Amino acid sequence: MNDIVIEAKNLTKRYRGIAVVKAISFSVARGEIFGLLGPNGAGKTTTILMMLGLTEISDGTVRVLDHNPVREPLAVKRRVGYLPDQVGFYDNLSASDNLRYIARLIGLDRAEREEKIASSLAHVGLADVADNRVGTFSRGMRQRLGLAEILMKDAEVAILDEPTSGLDPQVTVELLDIIRDLKHRGVSVLLSSHLLERVQSVCDRVALFNEGKIALLGTVPELGRQVLGGGFRVEVEAEGQGLAEHLARVPGVRKVESAGPSRWLLLAEQDVRPEAAAAVVAAGGRLLRLAVAEPSLEAIYRQYFHEHPHEGERHAA
Amino acid sequence: MRREGSALNGVGVVTLKELDDNLTSVRMRVLEVLIVLFAIVAVYLAIQQVRETTAEDPFLLLRLFTRAREGIPITFVAFLSILVPVMAIGLGFDAVNSEYNQRTLSRILAQPIYRDALLFGKFIAGLLTITFSLVALWLLVIGFGLYLLGVPPSLEETARAFIFLLVTIAYAGVWLALALLFSIVFRSPATAALVTFGLWLLLTFLWPSVLAQMLAAIIAPPDPGYTALGLPTPETTEWGQILSRLSPSTLFGEIAFVLLNPDDVSARSLGAIYLVQLQGAARGALPLGQSLIIAWPDMVGLVAGTIVLFTIGYMVFQRQEVRA
């Protein structure tokens with residue numbers, strides 16, 4: 001069995017001669033959660049549509065589960081579940097009727113159909129409202145119904161376009177839990193988002209999109225090292241006079257950044273937590289917190305575009 | 001370069017779902033009420049007229065379709081030629097754009113079906129819905145006529161009425177295909193409805209009697225020789241007829257006239273008829289086969305129009321981007 005479920009090579013999309021996706025290459029391994037991250041209009045949705053054979057490919061190739069979505073769209077679509085951006089359902093039909101229609105299109109037989117509809121609705125927590133019209137559903141419920149559809153389909157790959165956009169934090173957490181659960185079921189997940197922090201926690205690897213190109217690709221710590229430079233980032237929260245100077249004098253600390261009142265971020269060559277603690281105490285300060293900071297995607301992203309201002313300026317506007 | 005699997009995969013599922021939507025929708029209820037009311041009124045008026053004028057008539061049943069009471073010029077055929085397009089457009093104008101607006105299109109097309117299935121299913125479901133209504137209407141009219149006239153129809157009359165039913169369904173197909181086309185082209189259902197109804201009004205009321213004749217007069221200017229005698233120029237008349245047949249309403253009217261008036265001498269040809277030809281023409285009704293031969297080109301025209309409009313819609317739909 002092949003361990004690569006999606007493989008894109010020099011994938012390019014041009015609309016009327018203007019390239020919106022420019023020769024991107026990446027691959028998604030089986031059982032992995034892969035994030036396509038980037039600002040709106042960076043080409044994420046177009047990339048997804050090309051993988052599903054829903055829009056034509058201008059150049060390059062993409063293989064999904066070893067099928068070519070252009071030549072064998074049905075084989076791809078049979079095994080891939082898709083949750084579009086702002087997913088829509090037939091408002092006049094109930095949640096279960098909406099799923100029933102899809103189940104018939106997939107070709108599930110009657111007994112299997114009813115069983116799968118019930119179990120997938122229960123799994124996403126919509127069993128109570130299975131017979132309510134989707135017109136009465138909130139945004140979060142629609143997204144969950146979309147995930148139920150992917151579960152019902154027994155998809156091997158789930159492609160989720162902006163699954164968390166427009167959701168409140170509580171619902172987002174619930175939705176990310178369902179997505180993690182998909183992974184535990186052995187489903188490979190490719191998701192796109194412009195909200196970096198929300199998805200950082202679920203993605204094994206990410207590709208940062210910018211203007212149709214993949215700017216960065218890898219795990220979040222890898223990207224952190226790549227963009228923010230090697231070394232440790234230590235967060236210090238302490239009260240006292242002139243602590244910044246004392247911290248700067250700790251051996252191994254390259255830079256001290258103020259991160260708010262009584263908070264500093266140390267960029268260091270090694271783990272300087274014991275030395276930093278000693279320095280604070282020696283200066284007569286009260287140490288409140290000391291931690292090694294995980295690089296955040298947000299910081300990586302900002303730093304990257306700080307270093308490549310030309311590419312980022314269009315989005316800053 | 002052959003694509004994998006059948007384009008018809010899922011057509012049945014889509015058809016059933018759309019049919020279910022059509023038959024349970026509010027607009028269907030309204031159309032049903034309209035149909036029944038109009039049928040009763042039209043037949044009632046026709047029967048009053050038939051009773052007054054005809055003592056012995058071999059085509060009593062067909063008179064139900066074509067006679068109107070004096071002063072109220074609503075024959076059943078005229079009423080159908082207006083109601084059927086309204087019904088077809090009403091069912092088709094938001095067929096595809098509503099999928100975009102509800103954001104369901106990309107989700108449906110991510111299932112293992114081709115776009116063809118969605119479009120075919122929607123068209124078939126629309127046509128089936130109209131067929132159900134028209135068959136019901138047809139049975140209603142014939143039953144009502146039997147009851148009020150008390151004369152059983154002959155086999156030929158029934159056959160003519162049945163072929164007329166099929167033609168009416170084909171006529172509905174043209175307008176349904178047109179509505180479907182505009183529902184693909186325009187993202188807003190309101191725009192699609194307005195444009196389709198506008199085109200229908202133009203083709204039905206302005207084109208045959210005014211615009212086509214004006215164009216004919218430009219293409220083949222009237223001969224002063226004929227004008228001096230107060231006669232229409234045959235060439236101009238012919239062009240006017242050819243052009244007016246671009247309108248499905250003209251075709252439907254002509255077919256209905258030929259099929260339902262077998263004993264009318266002017267229903268023996270759809271081209272220009274000269275007085276000379278009518279003089280000495282044998283009296284009596286035309287057999288069904290002959291009427292069919294006369295109306296055949298028009299019937300083919302209706303079906304061809306449906307296919308052409310549907311194909312254009314199909315091509316536009318295949319090229320459209322799925323993202324809203």
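Parameters at a glance
- Residues numbered from 1 in each chain as written.
- Chains lettered and ligands numbered in written order.
- Predicted model: local features only at pLDDT ≥ 70, side-chain atom pairs only at ≥ 80, totals over all residues.
- Helix = DSSP H or I, 4+ residues; strand = E, 2+ residues; numbered from the N terminus.
- Buried ≥ 20, exposed ≤ 12 C-beta atoms within 10 Å, placed from the backbone.
- pLDDT = per-residue confidence, 0-100.
- Axes fitted to C-alpha atoms, helices over the stretch in contact; angles between N-to-C directions.
- Parallel < 35°, antiparallel > 145°, perpendicular 65-115°, else oblique.
- Left-handed = near helix turned anticlockwise from the far one by under 90°.
- Contact = placed C-beta atoms within 7 Å.
- Nonpolar A, V, L, I, M, F, W, Y, C, P; charged D, E, K, R; others polar.
- Pairing = 2+ DSSP bridges.
- Arc of directions from axis to C-beta.
- Domains from an automatic or database assignment.

### Let's talk about the overall build of chain B
Within chain B, the secondary structure is distributed over 14 helices and zero strands. Reading the secondary structure of chain B in the N-to-C direction produces α-α-α-α-α-α-α-α-α-α-α-α-α-α. Viewed in the frame of its principal axes, chain B has a C-alpha envelope of about 70 × 55 × 35 Å. In chain B, which comprises 324 residues, the proportion classed as buried is 41%.

### A few points about the confidence of the model for chain B
When the pLDDT values of chain B are averaged, the result is 86; 91% of them are 70 or greater. Helix H8 (residues 155–185) of chain B holds the highest mean pLDDT among the elements of chain B, 94, whereas helix H13 (residues 275–278) of chain B holds the lowest, 64.

### With respect to the environment of glutamate 114 of chain A
Structurally, glutamate 114 of chain A is set in helix H4 (residues 110–123). Separated by 91 residues in the primary sequence, glutamate 114 of chain A and arginine 205 of chain A place their C-alpha atoms 36 Å from one another.

### Focus: the packing of H4 of chain A against helix H5 (residues 139–152) of chain A
All names here are of chain A. Relative orientation of the contacting elements H4 and H5 amounts to 135°, with a least axis distance of 8 Å. If you check the angle between H4 and H5, you find them oblique. As for the relative orientation of H4 and H5, their crossing is right-handed in sense. Counting all contacts with H4, which are made through Lys116, Ile117, Ser120, Leu121 and His123, the residues of H5 involved are Ala148, Leu151 and Met152. Looking at the contact of H4 with H5, its residues break down into five nonpolar, two polar and one charged.

### Brief notes about the confidence of the model for chain A
With 96% of its residues at a pLDDT of 70 or more, chain A shows a mean pLDDT of 86. When the criterion is pLDDT under 50, residues 312–317 of chain A qualifies, and its contacts beyond four places in sequence or with other chains add up to two contacts.

### Examining the sheet that holds strand S2 (residues 18–29) of chain A
Remark on secondary structure: sheet strands pair via backbone hydrogen bonds, oriented parallel or antiparallel. Residues and elements named next belong to chain A. Strand order in the open sheet formed by three strands is S2-S1-S4, and the pairing between neighbours is antiparallel. The strands lining the two open edges of the sheet, one partner per strand, are S2 and strand S4 (59–64). Going from strand to strand, the sheet's axes swing by 15° on average, the running direction of each strand aside. Relative to S2, strand S1 (residues 4–15) runs antiparallel, the two being bridged by eight bridges. Across the sheet, residue alanine 8 finds its bridge partner in S2, namely phenylalanine 26.

### A short note on unusual backbone geometry
A positive phi angle, close to 60°, is found at serine 262 of chain A, a residue other than glycine. By secondary structure assignment, the location of serine 262 of chain A is in the loop between strand S11 (253–258) and strand S12 (263–268). On the neighbour-count criterion, serine 262 of chain A (16 C-beta atoms within 10 Å) is partly exposed. Even without being a glycine, arginine 103 of chain B presents a positive backbone phi close to 60°.

### Notes on the interface of chain B and chain A
You'll often see interface size given as the accessible area lost when the parts meet. Facing the 20 residues of chain B at the interface are 24 residues of chain A. Looking at the side of chain B that touches chain A, the elements with two or more residues in it are helix H1 (11–24) and helix H6 (105–109) of chain B. For the side of chain B that touches chain A, the element with the highest residue contribution is H6 of chain B, accounting for three residues. Grouping the constituent residues of the side of chain B that touches chain A by class yields six nonpolar, seven polar and seven charged.

### Here we look at the pairing of S11 of chain A
Residues and elements named next belong to chain A. Two strands pair when backbone bridges link them, and S11 and S12 are joined in this way by five bridges, in the antiparallel orientation. Paired with valine 253 across the strands is alanine 268, a residue of S12. A loop of four residues connects S11 with S12, the two strands running antiparallel in sequence, and glycine 260 in this loop sits at a positive phi of about 125°.

### Some details on helix H11 (residues 297–307) of chain A
Residue and element names in this part refer to chain A. Turning to H11, its buried residues are Leu297, Ile300, Tyr301 and Phe305. Angularly, the buried residues of H11 cover 120° about the axis, an arc narrow enough to put them on a single face. Facing away from the buried side of H11 by over 90 degrees, the exposed positions are Glu298, His306 and Glu307.

### Structural notes on the domain arrangement of chain A
What the domain assignment lists for chain A is domain 1 (4–218) and domain 2 (225–292). Using only C-alpha atoms to locate each centre, domain 1 of chain A and domain 2 of chain A end up separated by 42 Å.

### Here's the deal with the sheet that holds strand S13 (residues 286–292) of chain A
All names here are of chain A. Strand order in the open sheet formed by four strands is S11-S12-S10-S13, and the pairing between neighbours is antiparallel. The sheet is open, and its two borders are formed by S11 and S13, each paired with just one other strand. Here the average twist between neighbouring strands, direction ignored, is 25°. In this sheet, S12 lies alongside strand S10 (residues 232–239) in antiparallel orientation, the contact comprising six bridges. The residue of S12 that forms the bridge with glutamate 235 is leucine 265. In this fold helix H10 (residues 273–282) packs onto S10, S12 and S13, with an angle of close to 165° to the strand it touches most, S13.

### Here's the deal with the pairing of S10 of chain A
Note: S10 of chain A against S13 of chain A, six bridges, orientation antiparallel. Residue glutamate 239 of chain A lies in a different strand from S13 of chain A, and its bridge partner there is arginine 286 of chain A.

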